[in-house]
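Below are the chains, spelled out letter by letter.
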Amino acid sequence: MPKTSDARPSIIIEDVGKRFTLRHTQSFKELFIAWTRRKPLASTFQALDGIDLRVAEGESVALLGYNGSGKSTLLKLISGVLRPDQGRVLTRGRVAGLIEVGAGFHPDLSGRENVYLNAAILGMSRSEIDRRFDEIVEFSEIGEFIDTEVKHYSSGMFVRLAFSVAIHTELDILLVDEVLAVGDAPFREKCKAKIRELADERKTMFVVSHDLGMVSSLCTRGIVLRRGKMIFDGPVEDAVAALKESTR
Ligand SMILES: Nc1ncnc2c1ncn2[C@@H]1O[C@H](COP(=O)(O)OP(=O)(O)OP(=O)(O)O)[C@@H](O)[C@H]1O
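Because the structure is a prediction, the values reported are computed rather than measured. (Residues numbered from 1 in each chain as written. Predicted model: local features only at pLDDT ≥ 70, side-chain atom pairs only at ≥ 80, totals over all residues.)

Some words on the site of the ligand
Selection rule: Each residue gets a C-beta atom placed from its backbone. If that atom is within 6 Å of a molecule or strand, the residue is near it. Put simply, DSSP H or I for four residues or longer makes a helix, DSSP E for two residues or longer makes a strand, and each gets a number counted from the N terminus. Note that Gly is not counted as nonpolar here; it falls among the polar residues with everything else outside the nonpolar set of Ala, Val, Leu, Ile, Met, Phe, Trp, Tyr, Cys and Pro and the charged set of Asp, Glu, Lys and Arg.
If you check the shell around the ligand, you find Phe20, Leu22, Phe45, Ala47, Gly65, Asn67, Gly68, Ser69, Gly70, Lys71, Ser72 and Thr73 and nothing else. Counting only elements with at least two residues in the shell around the ligand, the list comes to strand 1 (9-23), strand 2 (42-56) and helix 2 (71-79). It is helix 2 that contributes the most residues to the shell around the ligand, 3 residues altogether. The class makeup of the residues in the shell around the ligand is 4 nonpolar, 7 polar and 1 charged.

What follows is the structure in structure tokens.
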């Protein structure tokens, strides 16, 4: 199983673990009853355990696993949205995450204002955004609605614009989490083509998807998670086979 590569590392994940606290009470009353009966008020859940891997610059990696196996948690650790409880995560260059697409969008601002706001949050300068603005709007197919407040957008329009901003930022590492499941079929095809273009430009990519055909065509390496542990790391076709053989 290839864990290391001779090329410069882009992402290094060393013995990473992530736990979440699960609360068993909601109200103050429940809390009091649980306390008087000496019931545990919370428990911990190990979402990721002992994850060790290196991704070389230009590699495209599919992150596979059944529901709840820890894929999104791992992407959030790489993007910096979450911090590990154990081990460390190192990345080189700009990380752009298509993770919670549109999370930074403000409903009362127009599409145009949101493009500027979000692109700035994603690390682009004013002049970079000016240069790319038309391309972003064209890709999103928002057209004349660009000056309308985004609260009036359909959910598909909203996601198309947010996706377009994210994908047009200057990036070295692209994290993609199931975003290809959104938007209509023609837009999904366009997104896949754009992601493929970035892979051809040798950007480092981490792609989470349950669409095994799509990830196999996009990625060369596959990692399989099962209940927070890495059970396979190798060529993507073998990873797909390993996933199909595994149980939830
Ligand atoms: N903030 C949180 N608090 C508590 N538990 C969490 C939190 N985030 C994730 N989890 C739990 O961690 C586990 C892994 O979740 P994660 O979203 O990483 O899975 P996934 O592999 O991306 O699943 P899916 O295929 O369903 O998207 C799940 O059991 C989930 O309930």
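The rest of the description comes next.
Some points on the sheet that holds strand 3 (residues 60-64)
Note on sheets: strands pair through backbone hydrogen bonds, and any given pair is parallel or antiparallel. This is how it is decided: Strands are treated as partners if at least two bridges between them are detected by DSSP. Axis definition: a line fitted to C-alpha atoms, over the contacting stretch in the case of helices. Angles run 0 to 180 degrees between N-to-C directions.
Here 6 strands make up an open sheet; going across it, the order is 5-6-7-3-8-9 and the pairing mixed. In the strand order of this sheet, the two ends are held by strand 5 (95-98) and strand 9 (229-235), each with one partner. Going from strand to strand, the sheet's axes swing by 15° on average, the running direction of each strand aside. Judged from the 4 bridges that link them, strand 3 and strand 8 (residues 221-226) form a sheet pairing that is parallel.

Thoughts on the sheet that holds strand 2
Taken in spatial order, the 3 strands of this open sheet run 2-1-4, and their pairing is antiparallel. At either margin of the open sheet sits one strand with a lone partner, and together these are strand 2 and strand 4 (86-91). Along the sheet, successive strands turn relative to each other by an average axial angle of 25°, direction set aside.

Thoughts on helix 2
Applied cut-off: Using C-beta atoms placed from the backbone, we call a residue buried if 20 or more other C-beta atoms fall within 10 Å of its own, exposed if 12 or fewer do, and partly exposed for counts in between.
Most of helix 2 is tucked away: 8 of the 9 residues are buried. Of all the residues in helix 2, the buried ones are Lys71, Ser72, Thr73, Leu74, Leu75, Leu77, Ile78 and Ser79. Looking one or two places after helix 2, you find Gly80, whose phi comes out positive at around 90°.

The values are spatial; any link to function lies outside them.
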